[in-house]
Amino acid sequence: MLEFIQLLKQRYQTVLQQLDKKNPQYLDYQQRIEQLLHGEAFIRKGELLDNNPGFPLQIAVIGPTQAGKSSVVNLLLSANAAGVSPLAGYTVQAQGFCHSLTPDDCDGMQHYFGRFQRLEQTELRPGRYDCYSLSPSPGASALLPACVCWDTPDFDSIDAADYREGVIRTIALADIVVLVVSKEKYADQSVWEMMKAIEVFQQPTLICVNKLNEGSEPVILDSLRQKWLQTRQDPLPNVVPLLFQKAPAVPSWPQSATHAFADLAKKVTRHKHAARQQQLLSRYWLDWLQPVFAEHHAQHHWQTLVDQALAQAVKEYQRDYLNHPHHYETFQNALLNLLTLLEIPGIAKALGKTRRAMTWPFRKLFALGGGNAAVNPNQELGVLNQLGEHLLIQIADRLLEKTETEPADSRWWKETAMALRQKRGDLLQIYRQAVTDYHSDFQQDVEASAQRLYVKLQEQPMVLNSLRATRVTTDAGALLLAIQAGGIGIHDLVITPLMLTITSLLAESAIGSYMHKVEAELKQHQLNTVKTALFEACLKQRLYLLPQGVLSPTRFNISEQQCHAAEQALKEKKHGLRLL
């Protein structure tokens, strides 16, 4: 699951870079990226807890800029551990301080932070955001149990986007959250957007209102309570007021809140982390995958379009070849093979030599004029090649139509149309070669049909002998006619009369119905073979995969199989899995 969430986040970030900031999707995608950051960090925490059951308690001090977070961290630690500055945005990396334990007790911390590098606190630099520090606290405090107390960057300044991921990872790591706000900042929208975003973590929380003036507490605390109730569903946590102190004085922690963290620690329920993780993912799942599902829908629509075009091509193949009275020649080729089988052994050799000798000049003439295709052009090859070209033209027209009728997905259809234009030549070349291969391979089926007829004829000796006699006399007569006519029209004078005679005799004989059955079966087998070998195996799968080959930065390109695997993990397991 972690890998899937990371993949989805990366695709959102890539797509976001291509969007105009005025695009309505821009803000939506920004928000989803932050939600995915929360989800990724929370899954990482689940893995951390699974691998390290005794991992130390984590407390994160968070808040907007200039709220006094670092000062509160130092107050809690009873030490000057966190750097303090009057300048906004002074802290830009998460800084952890180990109280009553050592950094060595935090085994697994580096794995949790992933690409973020652990540095010493003194090595942190303002322009380096992909790092964090983990240091021992210089003192001991009566306010905190053994824990890591984190000082975090703000989440509301102009530059906060640069280091926001570090903030989110630290918040997700926390078992307890301390929200620090000032009287100037407690009502800021950014504060409550963050508190709404982390509500699903269900972390025990404490609110510190810093820099309060005496007498202003009731008004501000009441307003704070109203903000919480408007934002969150859980009860308002304890609020600790910290009165304003002039520098260099530091605020003092109220005596009434001395045991606040001991009480909060009792509310930490790590054993519920897996269930909360599932709630978080389920809450946002459909929103996160909405553009991915839109691409899947477009892909299904594309496949339907391809299926319709291929089905139309099959119908045209039937109309223009299989059912055409003048173009269909496959069964005639089977009968020509039958003629060879009907040769009488005793005179076949001599008659064959005579036939070849008398037709040699004309065969050479036709060969010089363009080969056998001029003598007996193959209608099927011509029909199939034309259908392939027409099919791609038809699909291209439909793609252009989609770019106009479906504006929400117009970019997807335009990119697919461009891919088709780029691949059209290759597709046609592959298709034409497949047509040639099919036609060559199918001759075995033609010969098999001739063999079936011949075997059936052997069961009828009288019919077989009659056909053989007709084969000799018709062939000899045709040769004589060819001689008298000067050899003009070899195909018409030699083949056609004999074919008509043989076909008539077969149709009128006892095996006439069988001949029609063989013809029908051959035609049906030919249809199925063309549909399977050419339109499906050759074109269908390549066209199906065409949009998936578009490497566009505006596409998520996450497959349905990947989504299905992640959804199954979400439904069946209560914790993150390494699936993808």
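Notes on the structure in this doc start here. Keep in mind it's a predicted model, so treat the numbers as computed, not measured.

### Notes on the nonpolar core
Leu-8, Trp-150 and Trp-285 are the most contacted members of the largest nonpolar core, which totals 75 residues. By residue number, the principal contributor to this core is helix α2 (residues 24-51), which donates 10 residues. Among the domains, domain 1 (55-268) and domain 2 (290-331 + 377-449 + 529-558) are the pair contributing at least three residues each to this core. When neighbours within four sequence positions are excluded, Trp-285 is seen to be in contact with Met-1, Phe-4, Ile-5, Ala-566, Glu-567 and Leu-570. Core analysis: the next-biggest nonpolar cluster, separate from the first, contains 44 residues, Leu-391, Ile-395, Tyr-431 and Leu-539 among them.

### A few points about the sheet that holds strand β6 (residues 176-182)
With mixed pairing, eight strands are arranged side by side in an open sheet as β3-β4-β2-β5-β1-β6-β7-β8. Each end of this open sheet is capped by a strand with a single partner; those strands are β3 (117-119) and β8 (239-243). Within the sheet, the average angular offset between the axes of one strand and its neighbour, ignoring direction, is 25°. The sheet contact formed by β3 and strand β4 (residues 131-136) spans three bridges and is parallel. In the strand pairing of β4, Gln-117 is matched with Cys-131. Where helix α5 (residues 160-173) meets the sheet, its contacts fall on β1 (57-62), β2 (94-99) and β5 (147-151), and the angle it forms with β1 comes to roughly 135°. Sheet strands touched by helix α7 (residues 217-231): β7 (205-212) and β8. Its angle to β7, the strand with the most contacts, is close to 145°.

### Remarks on α7
Spanning 15 residues, α7 covers 21 Å between terminal C-alpha atoms, matching the ideal 21 Å at 1.5 Å per step. Residues Ile-220, Leu-224, Trp-228 and Thr-231 constitute the buried set of α7. Buried residues of α7 fall within an arc of 75° about the axis and therefore sit on the same side. Facing away from the buried side of α7, by more than 90 degrees, are the exposed residues Pro-218, Val-219 and Gln-230. Lining the buried residues of α7 we find α6 (189-197), β7 and β8.

### Notes on the side chain of Thr-91
Residue placement: Thr-91 occurs in the loop between α3 (69-77) and β2. Within the local environment of Thr-91, its side chain forms a polar contact with the side chain of Ser-70, the two groups lying 3.5 Å apart. Discounting chain neighbours no more than four positions away, the residues touching Thr-91 are Ser-70, Gly-83, Asp-151, Thr-152, Pro-153 and Asp-154.

The rules we used
- Residues numbered from 1 in each chain as written.
- Predicted model: local features only at pLDDT ≥ 70, side-chain atom pairs only at ≥ 80, totals over all residues.
- Heavy atoms only, no water.
- Core = buried A, V, L, I, M, F, W, Y, C linked by side-chain atoms within 4.5 Å.
- Buried < 20%, exposed > 50% of the residue type's maximum accessible area, 1.4 Å probe, protein only.
- Helix = DSSP H or I, 4+ residues; strand = E, 2+ residues; numbered from the N terminus.
- Domains from an automatic or database assignment.
- Contact = heavy atoms within 4.5 Å.
- Pairing = 2+ DSSP bridges.
- Axes fitted to C-alpha atoms, helices over the stretch in contact; angles between N-to-C directions.
- Expected span 1.5 Å × (residues − 1).
- Arc of directions from axis to C-beta.
- Polar contact = N/O pair within 3.5 Å; in protein donor to acceptor, adjacent residues only side chain to side chain.

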